[in-house]
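Inside the fold
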Amino acid sequence: MLLTSLRFSHQLLKEVVIEGDHVIDATMGNGNDTLFLTELVGKSGQVYAFDIQEQALKNTQTRLAAADQQATLFLAGHETIDEKISIDQPIKAAIFNLGYLPKSDKQIITLPETTKQAMGTILKRLTVGGRMIVVIYYGHAGGETEKNEVLDFCQALPQETYNVLSYQFINQKNTPPILLCVEKKNS
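What comes next concerns the included structure. (Residues numbered from 1 in each chain as written. Predicted model: local features only at pLDDT ≥ 70, side-chain atom pairs only at ≥ 80, totals over all residues. Heavy atoms only, no water.)

1. Some details on the environment of T4
Short version of the rule: Per the convention used, a helix needs a DSSP run of H or I reaching at least four residues, while a strand needs a run of E reaching at least two, with both numbered from the N terminus. By the convention used here, residues are in contact when the closest approach between their heavy atoms is within 4.5 Å.
Here T4 is to be found in the segment before α1 (5-14). Taking the C-alpha atoms as reference points, T4 and P90, 86 residues apart in sequence, are found 29 Å from one another. Non-local contacts of T4, meaning those with residues more than four positions away in its chain, are made with Y167 and F169.

2. So, the nonpolar core
Rules: To form a nonpolar core, buried Ala, Val, Leu, Ile, Met, Phe, Trp, Tyr and Cys residues must be joined to one another through side-chain atoms within 4.5 Å. Under the scheme applied here, a residue whose accessible area is under 20% of the maximum for its type counts as buried, over 50% as exposed, and between as partly exposed, the area being computed with a 1.4 Å probe on protein chains only.
Formed by 29 residues in total, the largest nonpolar core has its most connected members in I24, F96, M132, V134, I136, V150 and L180. Setting aside anything within four residues of it in sequence, one finds V134 in contact with F96, L98, M119, V150, I178, L179 and L180. Grouped together as the second largest cluster of nonpolar side chains are 18 residues, V16, L37, I95 and C181 included.

3. Brief notes about the pattern of salt bridges
Quick note on the threshold: The salt bridge criterion pairs a side-chain nitrogen of Lys or Arg with a carboxyl oxygen of Asp or Glu, the two atoms within 4 Å.
Applying the stated criterion to the full structure yields 7 salt bridges. Put simply, R131 and E15 hold a salt bridge, and the shortest N to O gap is 2.8 Å. Here R131 is found in strand β5 (residues 126-136), whereas its partner E15 is found in the loop between α1 and β1 (22-25), with 116 residues between them in sequence. On the accessibility criterion, R131 (11% relative accessible area) is buried. Residue K116 is joined to E149 by a salt bridge in which the shortest nitrogen-to-oxygen separation is 2.8 Å. Of the two residues, K116 sits in helix α5 (residues 112-125) while E149 sits in helix α6 (residues 143-155), which places them 33 residues apart along the sequence. Here E149 falls in the partly exposed class, since its relative accessible area comes to 24%. Counted as one network, the salt bridges with shared partners bring together E15, R131 and E183.

Purely spatial values, then, with no claim about function.
So this is what it looks like as structure tokens:
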């Protein structure tokens, strides 16, 4: 069976992230990806997770505590990565789930300007062979604009430096998510 965007995103991360790596969950949400990443990097690695909603932070703390895992959680937008993580810190992988926090206020959404800023910041730190996953949920007000701007951003990345994969089920109803994987090549 073909993998859902969630399962495929985790497969793409599992292929490159190893114990001791530093990784970013740019949209921690309910903590599912944060927890998944902590399991990949182990106790010697580091997960940095960002979200602007206090509920997301609390949900993630609860999920991590229940699994006896730790991560560095920031109650801040992903556009603050530059302020929170040293430019000298190599990042092996990052993941974004764009849209809104499930089961919460659908008016609080990711925005194309801050998303593109965060993506650019991550790409500066991404190691060779590292991957940045962006799952675009766009069936909400503002989602179509963000989808188009993120696609334009990724399509403009130089092919000499990055491979960019797009993965989507095109025969599904209700705006199925689009998964993008940006992989840094040997330069």
